[in-house]
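Descriptive analysis of the structure
As a plain string of letters, each chain reads:
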Amino acid sequence: MGIISKVHPVRSHSNAAQGGINAALNPGDTWESHAFDTVKGSDYLGDQDAIEVMCREAPEEILHLEHLGVPFHRNEEGKLGTRAFGGASQARTFYVADITGQAIMHVLYEQLMKYSDLIDRYEEYFTTALAIDDDGNCVGAVTRNVRDGSMELFEAKNVILATGGNGQIWKPTTNALICTGDGIAMAYRAGAPLMDMEMIQYHPTTLAGKGFLITEGARGEGAHLLNAKGERFMEKYAPNKMELASRDVVSRAEQTEINEGRGFPDGTVALDITVVPKKRIHEALREIVLVGRDFAGVDITREPIRIKPGNHYTMGGVKTDVNGATSIPGLYAAGECACVSVHGGNRLGANSLLDTLIFGRRAGAHAADRAKRIDWSRPSRAILADEEAKIGEIMKRERATGRRISEIKHELGTTMDKYVAVFRDEEGLTKALETVRRLKEEAKTAYIDDRGTVFNQDILGALELSFMLDSAECTCIAALHRTESRGAQYRTDYPERNDEEWLKHITLTLDGDEPKIGYAPVTITQWQPAERKY
Amino acid sequence: MAEYTLRVRRQKPEADDRGPAGPYWEEFEVELDPTLSVLDGLLQAKDRQDGSLGVRCSCRAAICGSCGVKINGQSTLACLTQIGEAQERANRLARETDAGADGDGDGNQPIVVEPMGNMPVIKDLVTDMESTHWKKIRRVTPWLIDDGNPPERERIVPPETMVDITQTIACIQCGACVSSCLSMEADPDFIGPAALAKAYRFVGDPRDVDTEARLNDLAQDPHGIYDCTHCFSCVDACPKGVAPMDQIMRLRRLAGHDHDIDDRNNGRRHETAFVKIIEKKGTLDESLLLQESYAQGIKGKLKPSKAAIKGLLGSLPTAIRGIKTGKMRSLPKLIPGIHPKLPGDAQDHVKRIYKHAEEHREELNLYISGVEDDEPAEVGASAETTVENAEERRDS
């Protein structure tokens, strides 16, 4: 068993999951309630069988993490305590201050060190492609060792993608520079369908310009959203849940305020955390105190901080079943790169760590079981030669031939943030798709400066860009195709949800050079689609 | 927007047609808003001028811990340092040195960016953390050792203990403290600030059952908790307020005081002697420190233990070196008994401080700030002040 990661594992982006992780663990809470909130949050696009699995298994997962050593917040009795989160009918978010993801990931890395004789770690190995055998099974992956540039073909009975989201397609984004959707694109290239790619979450509270995240936990602790007139505008949009309506609802409300001239001149509204007791801020929102101080020059305990909706999460990804299995035997996916689909049109806060952990574990268990049942199949060495040739070709490109990688990335990011954001329409989406397709062509001749073998980040940037462009193309096509408004997809030219036509997933499968559109049914178990109000 | 010069300590990892392998300096001119970070400056240089400039980075928000570097000599994260502030510091440093005195320090000085210290460099600003930082982390058995019998539900623990260890959980493993550690410069085998802070994360965790063994291990190791010289560099360097040195001191208190671990490095006795001398005299009586450290209360006794004599003799070369190099300046002060007490009632003040400290063993912690609401916050104040400006905006 081995873990291959393009960065040291503790640098991975789950670090940035601040607020917490949901589970119906407290007496008086039920998994059904958690599941219903998730279904409603998804705008009824989530698959209810998968949501049931996730919510049933959530409490066990929290306890497992606690036993491994995650220092979850305790109540006065010393038992696990919770905080409130958006779109939830109960306070069921378990947390470690506002560094929950970091705490969990570091504790899991502790376990990797503990079991180092069972699990090999390949830290700073960049995966460039999946190896598929003649029978269509995934049997390994090709990597480039970042430290010395050597290429290697890993053989495996199963490959589990846990490569995260693709937020770098947008600029700005809360996502780290490494979130380039590598796994999503590699699976797509290998022939696995992607699903729900139009569903892109804009988080309601990000720092203008820099895109940094201010946790939903701030609103969970009681912070208010104010427009430039000082009005708590959520009264108009979600009179019951106010600031804790689901994220798509809050982001749309903010963007409406801003578009209609009630925001600040810099295109923001204000998040007022000063209403939270100072001691509580220091204990529970420490990271946000630092983000405010270091990146916005604001003392959040004393004054409101300017925020706006910003790109945050992709609900879509590689289509999997509840065991993380994709359509390609031997290929699994879990976490943000996968689409089970438990988030549907909109993910609830504190459900992403949960999704990752539950389906990561299930994928691991299923893959382990499969490994026992099947024989080895050797991948062809040809794929290694192909990947080496691909990199060799990029290295050889001359400056005169094209644009810089960074220029293309910048144009992609600003285009997507302009047209594939909170509000969308056919004209904008068409422009975005045209731009992405032009950039795809330009990327073929884009040049890099670094010709070396040791820590050549330039070549990795070129590979990441091509992954990003594949994902972006799929997102534009799916968003154009879905002529309704549901969850994070709000079409100003089709402002209503249309269950009759669109209570279904859009899938995208590589066909020649372009994605082919298909559909998958939405699984409904016990919650019939209803009007969504917060 | 402003212009800055980044003077980067680069390292070419391999020879090629552009030249041999090795370190060199290169200056990059960048143009960006002063509130953006030095990392933003480096990335601009990389994006627009030289894509081969090596720097690890990911989150840009001081969470992932990738971009540890030295900026103007100070170990920190590149993403956390505003470039405008780095410029001011570079100018201030230049003024304080000869360059300033010569009159060259008027204009903007280059902002100096170097790879972290105490680690081998792989390429440019990319260091080998595996062979240094992570090796030391693995040294402290960095996982929870429980009783092997987890309960059906969560373990019930005092809530403040979880808040307490959250300070060390807040460590993002960036290595800035390791880079800045002066003890490690002298003793590369020192377990070091990051790993010892990590150790406290388990020692302070009531769910861990190996507390005594962990403390004993860290106290007995000649490169362990007593190797720290209390210089505060790691506290300054840490971008997350983990204050590694504080965690080391807590380990010492737990080992030496609470668990009564008598270490073979003489660390506890040295510390006890130091504290005792200050309590008595207010300032350090160096004539007593050595002997008190090795054999407490031997003054006037005729038969110190063999170990104490051995320890004392072993320390002689250090003492002689101290005298030779002028670190111990006043020879008469080495004669026992003549070191003066503090004048007036100052010594009584010192004693009162001691009494207070003994009665209040406060463990200050990031997450337990002790700050209550000191004044009513001005709710929505700045939101209101800019209402007029909002009227001007109708463009989006």
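All values reported here derive from a predicted model rather than from experimental measurement.

Describing the overall build of chain A
- A tally of regular secondary structure across chain A gives 15 helices and 19 strands.
- Here the C-alpha radius of gyration of chain A, 22 Å, is about what a compact globule of 534 residues would show, namely 24 Å.
- Projected onto its principal axes, the C-alpha positions of chain A cover 60 × 50 × 50 Å.
- Here chain A, with 534 residues, has 66% of them falling under the buried criterion.
- In chain A, once contacts between residues fewer than 6 apart in sequence are set aside, the share between residues at least 24 apart is 73%.
- For chain A, the exposed area adds up to about 17,800 Å²; of that, 49% sits on carbon and sulfur atoms.
- Across chain A, the centroid of the 64 positively charged side chains sits 3 Å from that of the 79 negatively charged ones.

Considerations on the sheet that holds strand β3 (residues 82-83) of chain A
Residues and elements named next belong to chain A.
- Here we have three strands laid out as an open sheet, ordered β2-β4-β3, and antiparallel in their pairing. The open sheet has two edge strands, β2 (21-22) and β3, and neither has a second partner.
- Pairing between β3 and strand β4 (residues 93-94): two bridges, direction antiparallel. Paired with arginine 83 across the bridge in β4 is threonine 93.

So, the packing of aromatic side chains
All names here are of chain A.
- As enumerated under the stated definition, the model contains eight aromatic pairs over all chains in all.
- Where phenylalanine 233 meets tyrosine 237, the ring centres are 6.3 Å apart and the plane angle is 85°; that geometry is what we call edge-to-face.
- A residue is classified by how much of its surface remains accessible, and phenylalanine 233, at 1% relative accessible area, is buried.
- Here tyrosine 237 falls in the partly exposed class, since its relative accessible area comes to 28%.
- Counting every residue linked through ring pairs, the aromatic cluster contains Tyr122, Tyr125 and Phe154.
- The residue whose ring lies beneath lysine 40 is tyrosine 534, and the NZ or CZ to ring-centre distance is 4.4 Å.
- One residue, arginine 306, lies across the ring of phenylalanine 264, its end atom 3.8 Å from the ring centre.

Considerations on the pairing of strand β5 (residues 111-114) of chain B
Residue and element names in this part refer to chain B.
- In β5, alternate side chains face the same way, and those of Ile111 and Val113 are buried while those of Val112 and Glu114 on the opposite face are not.
- In this sheet, β5 lies alongside strand β1 (residues 2-12) in parallel orientation, the contact comprising three bridges. Looking at β5, one finds that valine 8 is bridged to valine 113.
- Sheet topology note: the strand β3 (residues 68-71)/β5 ladder contains two bridges and is antiparallel. Opposite lysine 70, over in β5, you have glutamate 114 as the bridge partner.

Some details on the sheet that holds strand β12 (residues 224-226) of chain A
All names here are of chain A.
- Judged by pairing direction, the sheet is antiparallel, and its four strands sit side by side in the order β11-β14-β13-β12 without closing on themselves. Both edges of this open sheet fall to β11 (200-207) and β12, since each of them pairs with a single strand only. In this sheet, neighbouring strand axes are inclined to one another by 45° on average, regardless of whether the strands run parallel or antiparallel.
- Bridge analysis of β12 against strand β13 (residues 269-272) gives three bridges, and the strand direction is antiparallel. Bridging from a neighbouring strand, leucine 225 pairs with leucine 271 of β13.

Digging into the packing of helix α4 (residues 130-139) of chain B against helix α8 (residues 193-203) of chain B
Residues and elements named next belong to chain B.
- Interaxial distance between α4 and α8 falls to 8 Å at its minimum, and their mutual angle equals 25°. In terms of their interaxial angle, α4 and α8 are classed as roughly parallel. By crossing handedness, the relation of α4 to α8 is classed as right-handed. Residue-level inspection shows His133, Lys136 and Ile137 of α4 in contact with α8, the latter providing Ala194, Ala195 and Lys198.
- Taken together, the residues that form the contact of α4 with α8 break down as three nonpolar, one polar and two charged.

Let's talk about the interface of chain B and chain A
- In this assembly, 89 residues from chain B lie in contact with 88 residues from chain A.
- Where chain B touches chain A, the interface holds eight salt bridges.
- Among the ionic pairs, Asp450(A) bridges to Lys123(B), the shortest N-O distance being 2.5 Å.
- Linking chain B to chain A there are 39 residue pairs in polar contact (both at pLDDT 80 or more).
- Of all elements in the fold, only α1 (38-48), β6 (121-123), α4, α5 (159-169), α8, α16 (381-385) and α17 (387-392) of chain B reach the threshold of two or more residues within the side of chain B that touches chain A.
- With five residues, the single largest contributor to the side of chain B that touches chain A is α5(B).
- Residues belonging to the side of chain B that touches chain A are distributed by class as follows: 42 nonpolar, 17 polar and 30 charged.

Examining helix α3 (residues 100-114) of chain A
- The end-to-end C-alpha separation of α3(A) is 21 Å, in line with the 21 Å expected for 15 residues at 1.5 Å each.
- In terms of burial, α3(A) is largely enclosed, as 13 of its 15 residues are buried.

What about the environment of Phe423(A)?
All names here are of chain A.
- In this structure, phenylalanine 423 sits in the loop between α12 (405-419) and α13 (426-443).
- Separated by 67 residues in sequence, phenylalanine 423 and tyrosine 490 have C-alpha atoms that sit 5.3 Å apart.
- Residues contacting phenylalanine 423, with those up to four places away along its chain left out, are Arg252, Gln255, Thr256, Asn259, Tyr490 and Thr492.

Some words on the packing of helix α4 (residues 182-189) of chain A against helix α14 (residues 457-481) of chain A
Residue and element names in this part refer to chain A.
- Packing of α4 against α14 brings their axes to within 8 Å, and their N-to-C directions diverge by 75°. Between α4 and α14, the angle is such that the two are roughly perpendicular. Contact residues: α4 offers Asp182, Ile184, Ala185, Met186, Tyr188 and Arg189, while α14 offers Glu464, Ser466, Phe467, Asp470, Ser471 and Cys474.
- Among the residues forming the contact of α4 with α14, the class breakdown is six nonpolar, two polar and four charged.

What counts, and at which threshold
- Residues numbered from 1 in each chain as written.
- Chains lettered and ligands numbered in written order.
- Predicted model: local features only at pLDDT ≥ 70, side-chain atom pairs only at ≥ 80, totals over all residues.
- Heavy atoms only, no water.
- Helix = DSSP H or I, 4+ residues; strand = E, 2+ residues; numbered from the N terminus.
- Rg over C-alpha atoms; globule rule 2.2 N^0.38 Å.
- Buried < 20%, exposed > 50% of the residue type's maximum accessible area, 1.4 Å probe, protein only.
- Contact = heavy atoms within 4.5 Å.
- Areas by Shrake-Rupley, 256 points an atom, 1.4 Å probe, with all protein chains shown as cover.
- Lys, Arg positive; Asp, Glu negative; His and termini not counted.
- Charge placed at Lys NZ, Arg CZ, Asp CG, Glu CD.
- Pairing = 2+ DSSP bridges.
- Phe/Tyr/Trp six-rings, centres within 6.5 Å; stacked < 30°, edge-to-face > 60°.
- Lys NZ or Arg CZ within 6 Å of the ring centre and 35° of its normal.
- Axes fitted to C-alpha atoms, helices over the stretch in contact; angles between N-to-C directions.
- Parallel < 35°, antiparallel > 145°, perpendicular 65-115°, else oblique.
- Left-handed = near helix turned anticlockwise from the far one by under 90°.
- Nonpolar A, V, L, I, M, F, W, Y, C, P; charged D, E, K, R; others polar.
- Salt bridge = Lys/Arg side-chain N within 4 Å of Asp/Glu carboxyl O.
- Polar contact = N/O pair within 3.5 Å; in protein donor to acceptor, adjacent residues only side chain to side chain.
- Expected span 1.5 Å × (residues − 1).

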